[in-house]
Protein chains: 2
Amino acid sequence: MTTEQIDGVTVTTQANVYFDGKCVSHRITLADGTRKSVGVILPAQLTFETAAPEIMECVAGSCEWRLKGQAAWTTSRAGDKFSVPGSSSFEIRVTEPYHYICHFG
Amino acid sequence: MTTEQIDGVTVTTQANVYFDGKCVSHRITLADGTRKSVGVILPAQLTFETAAPEIMECVAGSCEWRLKGQAAWTTSRAGDKFSVPGSSSFEIRVTEPYHYICHFG
């Protein structure tokens, strides 16, 4: 099931722009203080470093991803999630815009 | 004064991607049903068509803009707003990411 919207949030109006705009996200904060971000990755192959653990939830489009040290790519489509450990990295390759929610912690 | 965050909104998780990603926005809906979007325009010169009237509020970065039929460009920086009539268009040129809130109606 795809999370089409999230209710009762505070949105930070300034976007986060990564990789010259290949990744753009907006931070949201839930009523209980939980922070997430909603974003999109445009066609590219990128490597992201993690500080805290992250869960990447696809809401539209698709990507292929692999964790640091993995050889094989896995496809993620709308409704799919994958988890990334903290203090690590993952690669993502995108051929159509990949829309996501990033859950931290 | 700059609007750094907006509280109590529903965010649509799928972004709107325009002009091959030169403009990316997320739609938000306030408790009273009012719709806005928060977005960013990356370095480019673009022409946007309007359906409803819009107020563009800069929250970070800057742009230059002119309404349809205008010769002169006006600079908009954090805290500035400009209004665009409905069923019209405006041009925008950006040399550093222009972060905005778009208010409709």
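Look above for the structure.
Residues numbered from 1 in each chain as written. Chains lettered and ligands numbered in written order. Predicted model: local features only at pLDDT ≥ 70, side-chain atom pairs only at ≥ 80, totals over all residues. Heavy atoms only, no water.

Asker: Explain the sheet that holds strand β10 (residues 89-94) of chain B residue by residue, including any values.
Answerer: Residue and element names in this part refer to chain B. Read across the sheet, four strands follow the order β5-β10-β7-β8 without closing on themselves; strand pairing throughout is antiparallel. If you trace the sheet from one side to the other, it starts and ends with β5 (44-49) and β8 (74-77), each paired once. Within the sheet, the average angular offset between the axes of one strand and its neighbour, ignoring direction, is 30 degrees. In the sheet, strand β7 (residues 62-67) pairs with β10 via four bridges, with the strands oriented antiparallel. (Pairing = 2+ DSSP bridges. Helix = DSSP H or I, 4+ residues; strand = E, 2+ residues; numbered from the N terminus. Axes fitted to C-alpha atoms, helices over the stretch in contact; angles between N-to-C directions.)

Asker: Please give an account of the sheet that holds strand β10 (residues 89-94) of chain A that cites residues and values.
Answerer: Residues and elements named next belong to chain A. An order of β5-β10-β7-β8 is seen for the four strands of this open sheet, with the pairing classed as antiparallel. Lying at the two open borders of the sheet, with one neighbouring strand each, are β5 (44-49) and β8 (74-77). Looking at each pair of strands side by side, their axes are set apart by 30 degrees on average, direction ignored. In the sheet, strand β7 (residues 62-67) pairs with β8 via four bridges, with the strands oriented antiparallel. Residue pairing for β8: Ser62 is matched across the bridge by Arg77.

Asker: Could you give me a rundown of the interface of chain A and chain B, with the residues and numbers involved?
Answerer: For an interface, size is often stated in terms of accessible area lost upon the parts coming together. Across the contact, 27 residues belong to chain A and 27 residues belong to chain B. Between the two partners, chain A and chain B, sit zero salt bridges. Our count for the contact surface shared by chain A and chain B stands at 13 residue pairs in polar contact (both at pLDDT 80 or more). Looking at the side of chain A that touches chain B, the elements that each hand over two or more residues are β1 (5-12), β3 (23-29), β4 (35-41), β6 (54-60) and β11 (98-104) of chain A. Per-element tally for the side of chain A that touches chain B: the top contributor is β1 of chain A, with eight residues. (Contact = heavy atoms within 4.5 Å. Salt bridge = Lys/Arg side-chain N within 4 Å of Asp/Glu carboxyl O. Polar contact = N/O pair within 3.5 Å; in protein donor to acceptor, adjacent residues only side chain to side chain.)

Asker: Please provide a residue-by-residue account of the side chain of Ser76 of chain A, values included.
Answerer: All names here are of chain A. Looking at the secondary structure, you find Ser76 in strand β8. Its relative accessible area of 2% is what places Ser76 among the buried residues. Each residue touching Ser76, except ones within four places of it in the same chain, is listed here: Cys58, Gly61, Ser62, Cys63, Trp65 and Phe82. (Buried < 20%, exposed > 50% of the residue type's maximum accessible area, 1.4 Å probe, protein only.)

Asker: Requested: an account of the pairing of β3 of chain A, with residues and values cited.
Answerer: All names here are of chain A. Most of β3 is tucked away: six of the seven residues are buried. As paired elements, β1 and β3 share two bridges and run antiparallel to each other. Paired with Thr10 across the two strands is Thr29, which belongs to β3. The pairing of strand β2 (residues 16-18) with β3 spans three bridges and is classified as antiparallel. Paired with Tyr18 across the strands is Cys23, a residue of β3. Turn length for the β2-β3 hairpin, with the two strands adjacent in sequence and antiparallel, is four residues, and the turn residue Phe19 shows positive phi of about 50 degrees. As defined by bridge partners, β3 adjoins β4 across seven bridges and the pair is classed as antiparallel. Residue pairing across strands places Cys23 opposite Ile41, the latter belonging to β4.

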